[in-house]
Amino acid sequence: MQDPGKILKSVFGFDSFRGKQQDIIRRLVDDQLPALVLMPTGGGKSLCYQIPALCFEGGTLVISPLIALMQDQADALRKRGVAASYINSTVSREDREKRVRQFIDGKLKLLYVTPERFRKPEFAEAIRMARIDLLAIDEAHCISEWGHDFRPDYSRIGEFRALIGNPLTLALTATATHEVQKDILKKLNLDPETTRIFSDGIRRENLKLEVAEVWDEKSRQELILSARNTYPGTGIIYFSLISTLEKFSHWLQSRGIPHLTYHGKLTDQHRKRVLRDFISGSDSLILATNAFGMGIDKPDIRFVIHAEVPGSPESYYQETGRAGRDGNPALCLLIYQQEDLETQHEFLRWANPDAGFYYRLYSLLAVSSLEVNAIGIDFLREQLHFKSKKDFRIETALGILDRFGVTAGSLEKRNLEIVADLPEELDDETYLKKKLDMDRKKLYAILSYVREDGCRRQFLESWFGYPDGKPCGQCDTCQSGSAG
Ligand code: ADP
Ligand code: MG
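This write-up is about the structure you can find in this document. (Residues numbered from 1 in each chain as written. Chains lettered and ligands numbered in written order. Predicted model: local features only at pLDDT ≥ 70, side-chain atom pairs only at ≥ 80, totals over all residues. Heavy atoms only, no water.)

So, about the packing of helix α12 (residues 313-320) against helix α18 (residues 429-451). Here α12 crosses α18 at 60 degrees, and the two axes come no closer than 8 Å. On the basis of the axis angle, α12 is oblique to α18. Packed against α12, whose contacting residues are P313, E314 and Y316, the element α18 presents K442, A445, I446 and Y449 at the interface. The residue makeup of the contact of α12 with α18, split by class, is 5 nonpolar, no polar and 2 charged. (Axes fitted to C-alpha atoms, helices over the stretch in contact; angles between N-to-C directions. Helix = DSSP H or I, 4+ residues; strand = E, 2+ residues; numbered from the N terminus. Parallel < 35°, antiparallel > 145°, perpendicular 65-115°, else oblique. Contact = heavy atoms within 4.5 Å. Nonpolar A, V, L, I, M, F, W, Y, C, P; charged D, E, K, R; others polar.)

Turning our attention to the packing of aromatic side chains. Under the criterion given, the structure shown has 10 aromatic pairs. Geometrically, the ring pair formed by F239 and F248 is tilted, given 5.5 Å between the ring centres and 45 degrees between the ring planes. Here F239 falls in the buried class, since its relative accessible area comes to 5%. Residue classification places F248 among the buried residues on the basis of a relative accessible area of 3%. When the centroid spacing of 5.0 Å and the interplanar angle of 65 degrees are considered together, the rings of Y262 and F292 count as edge-to-face. Here Y262, found in strand β10 (residues 260-262), pairs with F292, found in the loop between β11 (285-288) and β12 (301-306); they are 30 residues apart in sequence, far enough to count as distant. The burial state of Y262 is the same as that of F292; both residues are buried. Every member of this aromatic cluster is reached through a ring pair, and the members are F118, F123 and F160. Seen from the ring of Y86, R99 lies directly overhead, with NZ or CZ sitting 4.8 Å from the centre. We note R456 situated over the ring of Y449; from NZ or CZ to the ring centre the distance is 5.5 Å. (Phe/Tyr/Trp six-rings, centres within 6.5 Å; stacked < 30°, edge-to-face > 60°. Buried < 20%, exposed > 50% of the residue type's maximum accessible area, 1.4 Å probe, protein only. Lys NZ or Arg CZ within 6 Å of the ring centre and 35° of its normal.)

Counting 40 residues, the largest nonpolar core has I236, I286, F292, L334 and Y449 as the members making the most contacts within it. When residues in this core are grouped by element, the largest group, 6 residues, is from α18. Residue contacts for I236: discarding those within four places in its chain leaves F278, I286, F292, I301, F303, V304, I305 and R322. Counting 36 residues, the second-largest nonpolar core is a separate cluster that includes I24, L47, A53 and A74. (Core = buried A, V, L, I, M, F, W, Y, C linked by side-chain atoms within 4.5 Å.)

Right, dumping it as structure tokens:
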């Protein structure tokens, strides 16, 4: 068996391991025992399974929800001479079959797959013929219903894992509260006694946390420009609403400030292009909704500004974690305007349609699929009697139906169709209510963060289950002397 330290140098060209990488790799390669890794974004999680993959004789299966990034990762590995490939919905059926075959034949060391593959029994049946020495689950927080990025397909991983013979497993994520950590182990069927949790804590010394309250649009705009002048370089500005994002974009345009935009109304292709421009560009400014960012590896992001209040500490931490991966100072500024709270409250309502709504939408899709695909979302709006343009329950519910595998295709491609029954959860008022309550609790937590007069970093750390940290000395409250 090859030595991990040698692989680090010869394949990846790095001189030393970072943080807990070596311990994690030892755990897998030497002890053959499972682990859950909590490491901030940019910390170097990929090496924790890529190096073991090269040590083991059999293959390593990597599950990741990020279509755009898995291709980049596989390409980067191939450039280093590692046999790696990927399977997702952008790959033709023929190529998918070919890659599975190569994996079974032991010709691929790593195969990246998206979780929606588990919807196909043929996939599991085929893949179980391969020798799988390691199962790596990236963005593992997506498995938990209490996480902010729940993906129902991820909940099938436990089942899938059993089907392929419960191989050695490594779960990785940047953010997981204690509740979510427990949930990850439970859903994967990993024994809490033998699964070691590696955690770096969540402290990122170079990130300066700030909150600013504004009363009108003009001061918000000015604040953003001045933050950008203080932290020149690449930056992300997050918005909750596409409409606010677009307004801000027009305003920047009128001032001749170049920027990119990224949100759910753009086509997949367009978004892919923007993502590539952003990654390869320097000094790029991007306005984005939370559709943007998971897994983005750009080291020199100098600021992450939330122009509107985000919905939870989890998403806030995850989104700010994209700043300053190179270790140099970066700003994480949250701008709070009281009206945004109303937006978030409405958001909560619309992000949590009730059971009756799911049922009505489901029935409509089942009965009128021709009209739905011909006319699009306006047809659904009209039929479901929606007056408010801002009410995006239909979009939410369509997204959820897709995540649960109830529908296939999309309105955009005019091939949306029902392929499964409504799952129990979406017909269960108690479950849906519990989800809404949980979302409310998170929103209140982010408000407490805004109002916090102690150290902001300590506040976030204790939310994520690390209550013992010292004040950071760098956030606005620490510096104004009100913390401590
Ligand atoms: P994560 O998945 O935790 O967000 P990545 O695995 O994408 O992070 O790694 C982030 C960056 O850090 C990558 O560019 C990677 O090459 C680099 N990196 C990882 N480990 C090391 C190391 N030991 N030495 C130097 N650079 C590293
Ligand atoms: Mg990663």
